[in-house]
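# Fold and geometry: a report
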Amino acid sequence: MPPVDFCGMELAHPIVNGSGTFDAIAAHAVFGDALHEHFPFAAFVSKTITIAPRAGNPPPRLWETASGMINSIGLPNKGLAGYLESDLPKLAALPVPLITNVMGSTAAELCELVAACDEQDAIRAIELNVSCPNVKTGLDIGADPVSLAEVMRAVRPRTRKPLIVKLTPNTADVALVAAAAEAEGADAVSLINTLRATAQKPGASGEPWLGGVTGGMSGPAVRAVALAQVSAVAARVSIPVIGMGGVQRGEHAAQMLRAGATLVAVGTESFRDPAAGSRIARELRRLLEP
Amino acid sequence: MPPVDFCGMELAHPIVNGSGTFDAIAAHAVFGDALHEHFPFAAFVSKTITIAPRAGNPPPRLWETASGMINSIGLPNKGLAGYLESDLPKLAALPVPLITNVMGSTAAELCELVAACDEQDAIRAIELNVSCPNVKTGLDIGADPVSLAEVMRAVRPRTRKPLIVKLTPNTADVALVAAAAEAEGADAVSLINTLRATAQKPGASGEPWLGGVTGGMSGPAVRAVALAQVSAVAARVSIPVIGMGGVQRGEHAAQMLRAGATLVAVGTESFRDPAAGSRIARELRRLLEP
Amino acid sequence: MSLAPFGRRRGVCASIRKVGSYHLLELVDRDGPDPEPGQFYMLAAVSGWGAGTDERPFLPRAFSAMGGTDGRLWFMLEDIGPGTHRLARLQKGEPLWLTGPLGHGFRMPQDGRRPILTGGGVGVPPLVMWSQHLVEHGVARTLQFGFRDTSHAAVAASFDSVQIATDDGSVGHHGLVTDLLVRELDRDPHATVYSCGPPGMLEAVRRLCVDRGIPAQLALESGMACGFGACFGCVVPLVDGSYARVCVDGPVLDATALDHVPAH
Amino acid sequence: MSLAPFGRRRGVCASIRKVGSYHLLELVDRDGPDPEPGQFYMLAAVSGWGAGTDERPFLPRAFSAMGGTDGRLWFMLEDIGPGTHRLARLQKGEPLWLTGPLGHGFRMPQDGRRPILTGGGVGVPPLVMWSQHLVEHGVARTLQFGFRDTSHAAVAASFDSVQIATDDGSVGHHGLVTDLLVRELDRDPHATVYSCGPPGMLEAVRRLCVDRGIPAQLALESGMACGFGACFGCVVPLVDGSYARVCVDGPVLDATALDHVPAH
Ligand SMILES: Cc1cc2nc3c(=O)[nH]c(=O)nc-3n(C[C@H](O)[C@H](O)[C@H](O)COP(=O)(O)OP(=O)(O)OC[C@H]3O[C@@H](n4cnc5c(N)ncnc54)[C@H](O)[C@@H]3O)c2cc1C
Ligand SMILES: Cc1cc2nc3c(=O)[nH]c(=O)nc-3n(C[C@H](O)[C@H](O)[C@H](O)COP(=O)(O)OP(=O)(O)OC[C@H]3O[C@@H](n4cnc5c(N)ncnc54)[C@H](O)[C@@H]3O)c2cc1C
Ligand SMILES: Cc1cc2nc3c(=O)[nH]c(=O)nc-3n(C[C@H](O)[C@H](O)[C@H](O)COP(=O)(O)O)c2cc1C
Ligand SMILES: Cc1cc2nc3c(=O)[nH]c(=O)nc-3n(C[C@H](O)[C@H](O)[C@H](O)COP(=O)(O)O)c2cc1C
Ligand code: FES
Ligand code: FES
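What you are looking at is a predicted structure, and each value in this text was computed from that prediction instead of being measured.

About the cut-offs
Residues numbered from 1 in each chain as written. Chains lettered and ligands numbered in written order. Predicted model: local features only at pLDDT ≥ 70, side-chain atom pairs only at ≥ 80, totals over all residues. Heavy atoms only, no water. Helix = DSSP H or I, 4+ residues; strand = E, 2+ residues; numbered from the N terminus. Buried < 20%, exposed > 50% of the residue type's maximum accessible area, 1.4 Å probe, protein only. Lys, Arg positive; Asp, Glu negative; His and termini not counted. Salt bridge = Lys/Arg side-chain N within 4 Å of Asp/Glu carboxyl O. Contact = heavy atoms within 4.5 Å. Near = heavy atom within 4 Å. Polar contact = N/O pair within 3.5 Å; in protein donor to acceptor, adjacent residues only side chain to side chain. Areas by Shrake-Rupley, 256 points an atom, 1.4 Å probe, with all protein chains shown as cover. Domains from an automatic or database assignment. Pairing = 2+ DSSP bridges. Axes fitted to C-alpha atoms, helices over the stretch in contact; angles between N-to-C directions. Buried area = accessible area lost by both parts, 1.4 Å probe. Nonpolar A, V, L, I, M, F, W, Y, C, P; charged D, E, K, R; others polar. Core = buried A, V, L, I, M, F, W, Y, C linked by side-chain atoms within 4.5 Å.

As a further point, take the side chain of A:Asp140. Residue and element names in this part refer to chain A. With respect to the helices and strands, aspartate 140 occurs in the loop between strand S8 (123-129) and helix H5 (145-155). Of the buried charged residues, aspartate 140 lacks a salt bridge, with arginine 196 as the closest side chain of opposite charge at 4.1 Å. Ignoring sequence-local partners within four residues, the contact set of aspartate 140 consists of Val130, Ser131, Cys132, Pro133, Asn134, Thr168 and Arg196.

A few words now on the site of ligand 4. Taken together, 23 residues lie near ligand 4, and B:Ser19, B:Thr48, B:Ile192, B:Gly246 and B:Thr268 sit nearest. In this structure, ligand 4 sits where chains B and C come together, each supplying nearby residues. Note that a nitrogen atom of ligand 4 is positioned 2.6 Å from one of the side-chain N or O atoms of B:Thr48. Within the complex, 96% of the 610 Å² of free accessible area of ligand 4 lies under protein.

Among the 24 residues in the neighbourhood of ligand 1, the closest are listed as B:Glu64, C:Ala62, C:Met76, C:Gly83 and C:Thr84. Interatomic distance of 2.9 Å between a side-chain N/O atom of C:Arg61 and an oxygen atom of ligand 1. Separating an oxygen atom of ligand 1 from a backbone N or O atom of C:Gly83 is a distance of 2.6 Å. Among the elements that take part in the shell around ligand 1, strand S4 (residues 61-64) of chain C stands out by supplying 4 residues, more than any other. Each of domain 1 (9-102) and domain 2 (114-257) of chain C accounts for three or more of the residues forming the shell around ligand 1.

The next point concerns the pairing of strand S13 (residues 241-244) of chain A. Residues in a regular strand project their side chains so that they alternate between the two faces of the sheet. All names here are of chain A. The alternating pattern of S13 places Val241 and Gly243 on one face and Ile242 and Met244 on the opposite face, and all of these are buried. Note: strand S10 (residues 188-191) against S13, 3 bridges, orientation parallel. Its bridge partner being in S13, valine 189 is matched across the sheet by valine 241. Bridging between S13 and strand S14 (residues 263-266) involves 3 bridges; their strand directions are parallel. Of the residues in S14, the one forming a bridge with methionine 244 is alanine 265.

This next bit is on the sheet that holds strand S6 (residues 68-71) of chain B. Judged by pairing direction, the sheet is antiparallel, and its 4 strands sit side by side in the order S5-S6-S12-S11 (chain B) without closing on themselves. Edge positions in the sheet fall to strand S5 (62-65) and strand S11 (195-198) of chain B, since each has one partner strand and no second. Going across the sheet, the axis of each strand differs from the next one's by a mean of 35 degrees, ignoring polarity. One ladder, built from 3 bridges, connects S6(B) with strand S12 (residues 214-218) of chain B; its direction is antiparallel. Residue pairing for S12(B): B:Met69 is matched across the bridge by B:Ser218. On top of the sheet, helix H7 (residues 223-236) of chain A reaches S5, S6, S11 and S12 of chain B; it is set at about 80 degrees to S11(B), its chief contact.

In this assembly, 43 residues from chain A lie in contact with 34 residues from chain D. Taking both sides of the interface into account, the surface hidden between chain A and chain D amounts to around 3100 Å²; carbon and sulfur atoms contribute 69%. Seen at the junction of chain A and chain D, the total is 4 salt bridges. The salt bridge involving A:Glu64 is made with D:Arg56; its shortest N-O contact spans 2.7 Å. Between chain A and chain D we count 8 residue pairs in polar contact (both at pLDDT 80 or more) in total. Breaking the side of chain A that touches chain D down by element, the ones donating at least two residues are helix H1 (24-31), helix H2 (34-37), strand S5 (62-65), strand S6 (68-71) and helix H9 (269-272) of chain A. If you tally residues by element for the side of chain A that touches chain D, the top one is H1(A), at 5 residues. By residue class, the composition of the side of chain A that touches chain D is 23 nonpolar, 12 polar and 8 charged.

What follows covers the sheet that holds strand S7 (residues 95-102) of chain C. Strands belonging to one sheet form pairs held by backbone hydrogen bonds; the direction of such a pair is parallel or antiparallel. All names here are of chain C. Spatial ordering of the open sheet is given by S4-S3-S7-S1-S2-S6-S5, a layout of 7 strands whose pairing is antiparallel. The strands lining the two open edges of the sheet, one partner per strand, are S4 and strand S5 (67-69). Across this sheet, the average inter-strand angle for adjacent strands is 35 degrees, counted without regard to direction. Pairing geometry for S5 and strand S6 (residues 72-77), over 3 bridges, is antiparallel. Looking at the pairing, glycine 67 lines up with tryptophan 74 of S6.

This part takes up the nonpolar core. When a protein is soluble and globular, its nonpolar side chains tend to lie buried together. Judged by nonpolar contacts, the single largest core of 248 residues is most densely connected at A:Leu128, A:Val165, B:Leu128 and B:Val165. Ignoring any residue separated from it by four or fewer positions in sequence, one finds A:Leu128 in contact with A:Val102, A:Leu110, A:Val114, A:Met152, A:Val155, A:Leu163, A:Ile164, A:Val165 and A:Lys166.

Residues and elements named next belong to chain C. Here chain C is described as being made up of domain 1 (9-102) and domain 2 (114-257). Relative to domain 2, the C-alpha centre of domain 1 lies at a distance of 21 Å. Summed over both partners, the interface of domain 1 with domain 2 buries about 1900 Å², with 71% contributed by carbon and sulfur atoms. There are 1 salt bridge connecting domain 1 and domain 2. With its nearest N and O atoms 3.1 Å apart, the salt bridge here joins glutamate 78 to arginine 148. The interface formed by domain 1 and domain 2 contains 4 residue pairs in polar contact (both at pLDDT 80 or more). Looking at the side of domain 1 that touches domain 2, the elements that each hand over two or more residues are strand S2 (22-28), strand S3 (40-45), S4 and S5. The class makeup of the residues in the side of domain 1 that touches domain 2 is 14 nonpolar, 6 polar and 2 charged.

What follows concerns unusual backbone geometry. Between C:Arg56 and C:Pro57 the backbone carries a cis peptide bond, its omega angle lying at -5 degrees. Among the structural elements, C:Pro57 can be located in the loop between S3 and S4. Here the residue pair D:Gly100 and D:Pro101 is connected by a cis peptide bond, since its omega of 0 degrees sits within 30 degrees of zero. Take D:Pro101: it is sitting in strand S7 (residues 95-102). Despite not being glycine, B:Cys7 has its phi angle at roughly 50 degrees, a positive value. By the secondary structure assignment, B:Cys7 is in the loop between strand S1 (4-6) and strand S2 (9-11). Look at B:Cys7 and you get partly exposed, because its relative accessible area is 23%. In the Ramachandran plot, C:Asp111 falls in the positive-phi region, its phi being about 55 degrees despite a non-glycine side chain. Along the chain, C:Asp111 turns up in the loop between S7 and strand S8 (114-120).

Moving on, we get to the pattern of salt bridges. Scanning the model with the defined rule gives 57 salt bridges over all chains in all. Of the charged contacts, one joins A:Glu207 and A:Lys201 as a salt bridge, the two residues approaching to 3.0 Å between their closest N and O atoms. Residue A:Lys201 is classed as partly exposed on the basis of its relative accessible area, which comes to 27%. Of the charged contacts, one joins C:Arg86 and C:Glu94 as a salt bridge, the two residues approaching to 2.6 Å between their closest N and O atoms. Residue C:Arg86 is classed as buried on the basis of its relative accessible area, which comes to 14%. Because the salt bridges share partners, they merge into one network encompassing B:Glu269, B:Arg272, B:Asp273, B:Arg279, B:Glu283, C:Arg8 and D:Glu55.

Below, the discussion takes up the interface of chain C and chain B. Each partner contributes to the interface: chain C provides 34 residues, whereas chain B provides 44 residues. Together chain C and chain B conceal approximately 3100 Å² of surface at their shared face, both sides included; 70% is due to carbon and sulfur atoms. When residues of chain C are sorted by the area they lose upon contact with chain B, C:Phe6, C:Phe58 and C:Phe228 head the list and together hold 29% of the total. The interface formed by chain C and chain B includes 4 salt bridges. One salt bridge in this structure joins B:Asp273 and C:Arg8, with 3.7 Å as the shortest N-O distance.

Okay, structure coming up:
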């Protein structure tokens, strides 16, 4: 398996993590230097950073579904300043390139985030999480090609670093949105984010289980939906695609690549197996070099 | 569990079948009169009928996923005339009310289907399957509130029978579409239809497994997505809702009712257990009458 | 055709043993009628279903009856994926879900034609049952099976007067079972062919019989979700451009009606 | 804190037996370090995971170590759902996945305070291990457990000098274990409380200790997806308005830092 070129970065293999599904700083505290010696991903994607710090949603934040899970984490993070100050130095020390994922609810917020990341040498690429409701339409920015194009026109000029748009699957035609991102200068797209889902408290109340009421579903349950969306997007755009959703083994990663993805991200499977990324890369290598 | 009033029909319990997931005529041939004596559903929903006969998609039509399945059946049916002539007399003999599900790719086609159903006393209600691409936008009619409203304005005047709109889950905001259906006179909405999904042939080719290339995912894997969409729709509209998606036992049906559904449809679970409808109704009764 | 009781019911694994590459499964099914040769059942383990590769199996699996009397059913299966893997690990006394008997079985030969039963692999069970039926009804039959190798052919050791072909030549004729069929048909074409086996073999039998104008009843396989006509998933293409549902229109279909036997 | 080897690894079930309502599980874990009292592991069966009610469990499950030396680990679990149900059915010799030891355990009492270990239900294991540690280090401790009934209390029969309370009064004090705690604190408040148990009990202990200004280390439980800080799913609310991840900031947290113990 030769190194992969992704937006000018040379990666050792095509497996990265899904934003928000691996905390390399916490994992280093838990597993020690073994983590860095056997780092499971070819690039590291940070969790979503917002301008102001966020505590995240009240618990419970998790629900297990048939072959998957719902999370309603609510994007807890230290805020842009906190990220740059306390997390970035540690993430810069990882043995792989760093991609920083950011989210804002207005174009102005996104511009500020992107401009700040642009100044950091340690940040090799920026991923825009556009699963955030547009204040005007109420729809997620990424669910609507028009909103997304508008945001991209504002944000694109703020950086010369590679800009990846993380698409939401909760839309009628994800390829249309991907095409809009490409047209406005995105260097890559990544998908799928989680499928909107919910759960009720056990018992007769019907009350929501999750502190955040609804959440997003991930894991093997969504894999076939992810493969359809990745295929549709890769067929429509010429920029590279990061495919994800339910990838658990090398064969699933290979399917994403066959569908047209350049990189494959692993999210939920890392929860079941912290070293899943390395295992999947190894299995993939065996499949591709028979 | 008292009888349920649904659009003026008195139903023995809230469990019906999902369109296209139970062939009462074939099942009668397989199971004999026991089927009618223990009919599993409180009303029977036909598979989708189109104006012209359709052979359906080439095989393979099925793919098993983690906790679910993809189908790419392609709506095989005898066409309107064939349905009225050869199926309707048999379906009219079922011990429960009949709901006929129809689909057309233009408003004119839907009008013809609805008007024809309107003339049949044996048809107690009509369900519109709006998961069909709009010829102009390419988007499914049911994925777009504007297209749907247009179609509804044409179709609604053609019948005084209850009109149920079967919504597609492959949309950015299903409650918006449901609200459009209600505003244009729908008597009820049903959801979710299947989630767009795909699968590749085993092996390295990456070719699609399904004869129809993409298909729709159903079963427990989609249940949490279905519950979120049913909750969102029931919170938005005042007309009754038929909730479905991954219902396998009484507790799941109860969750749909707690989310605001009036009826609950069972699809995929009938494949695993032909009498699932009766079992689920029984389990539900036990939960609601403790 | 034996009607199935409505709904799935619990059967119990009475015994399971390995014969070469196959597993022979005996079930107790007190409540079901006897199956007819060519009919099948949908089977699923009650526990541990859904925990195999890729969180499968989810749906029940179709298996032809190899025999069935007095509340006992026999099956033969090969472990090729998560469903058969789980079933092959059933324990004696373990419950399992079953629905059936399902589908239309084989029909008697007409016009005094002699029956030739040609099959292979997991196509063996319905032909074994049909062979038994014919013998019981005093109809002489020719039975011929193709297998990959000795380990697969082992299951045929207990069958009376059977012709064997193996891909590797380790047992019987070195080559395809259709070579044996051609030999029989050349010898005496006044025959009806009954066949069940992998798609390639069935397609070869279909062409052969259609070309020679010999009636053939093919017991087809197909990916199934339900087994009772509900899902329209199990179709095969017919010459008239329509599709037949293998589960309710078959599994036994006339060779002349079929357009071809699909590879899956 | 013992560092965990990176990644999940295979352990083997060395023995499993039922004591009253609980299952005591002994694992062989050759490659792991010994856990410290209060640390936990994420466990999952290698086979049959995902085939329970509602096709669960999918994620691994968290269990406190009850002991661990020389490549052996001990756990105690109650069968309350699909994950514990499957683990309770492990066979001797069966492999299982484990990640750990994880989290921060208990810390020694300061200022000569005497340790009171108050817990109940599946909160027993970390306290048993902590009690052993204290005893081994020559620190006298008071141990008190609350259970629902005799069948749950049975597990405590082998523990030395333990006070028992049961909800139904069948064993020991008829009432809550916090009654016993109040008695001890009334007698001598120069103590540090260590507690683990159901949320209601922990919350009562928290209030009691905070109200009286007594240091308390609470070993919390919480729904977890990962156990190593990756998912941010296992949080509990702190007094400063932020959330702590139970898996990496805990599971042992100071009572004074916690806003309250959430019900789930
Ligand atoms: C009427 C009938 C009678 C049969 N009788 C017998 C019998 O007597 N003995 C016997 O051993 N077998 C019999 N079969 C075949 C048997 O049903 C299949 O081998 C079985 O379903 C395989 O299930 P599995 O989970 O073990 O394998 P699967 O993994 O399901 O693989 C089986 C085939 O399905 C395809 N496939 C792979 N993955 C998927 C997926 N995710 N979704 C859908 N398809 C997939 C591939 O083509 C693969 O080769 C019969 C089939 C039919 C229809
Ligand atoms: C640090 C720590 C240590 C622990 N130590 C022990 C121990 O030593 N022994 C022990 O027996 N247990 C221990 N537990 C608890 C144990 O992890 C849980 O009981 C176990 O996860 C239950 O899994 P289950 O599948 O059996 O039950 P579940 O069905 O998962 O039910 C457990 C609880 O989760 C909630 N729940 C129900 N359904 C779902 C769903 N679909 N998704 C999410 N939540 C749901 C409900 O509140 C339910 O009461 C510990 C937990 C933690 C965090
Ligand atoms: C617990 C959790 C937290 C997540 N947080 C984020 C996030 O902060 N930003 C983001 O863009 N995606 C986030 N995601 C989505 C994942 O990056 C990924 O798109 C999704 O989980 C699908 O992949 P998977 O099935 O492999 O998990 C999160 C997913 C999970 C499960
Ligand atoms: C094999 C199959 C065929 C279906 N055919 C139709 C159809 O003809 N018309 C329709 O409106 N929905 C159709 N559906 C969708 C179901 O009615 C239902 O909305 C969906 O399967 C979700 O429910 P479930 O998870 O209980 O199956 C079909 C679903 C399946 C699995
Ligand atoms: S298997 Fe469902 S129709 Fe044949
Ligand atoms: S369990 Fe995932 S962060 Fe704690």
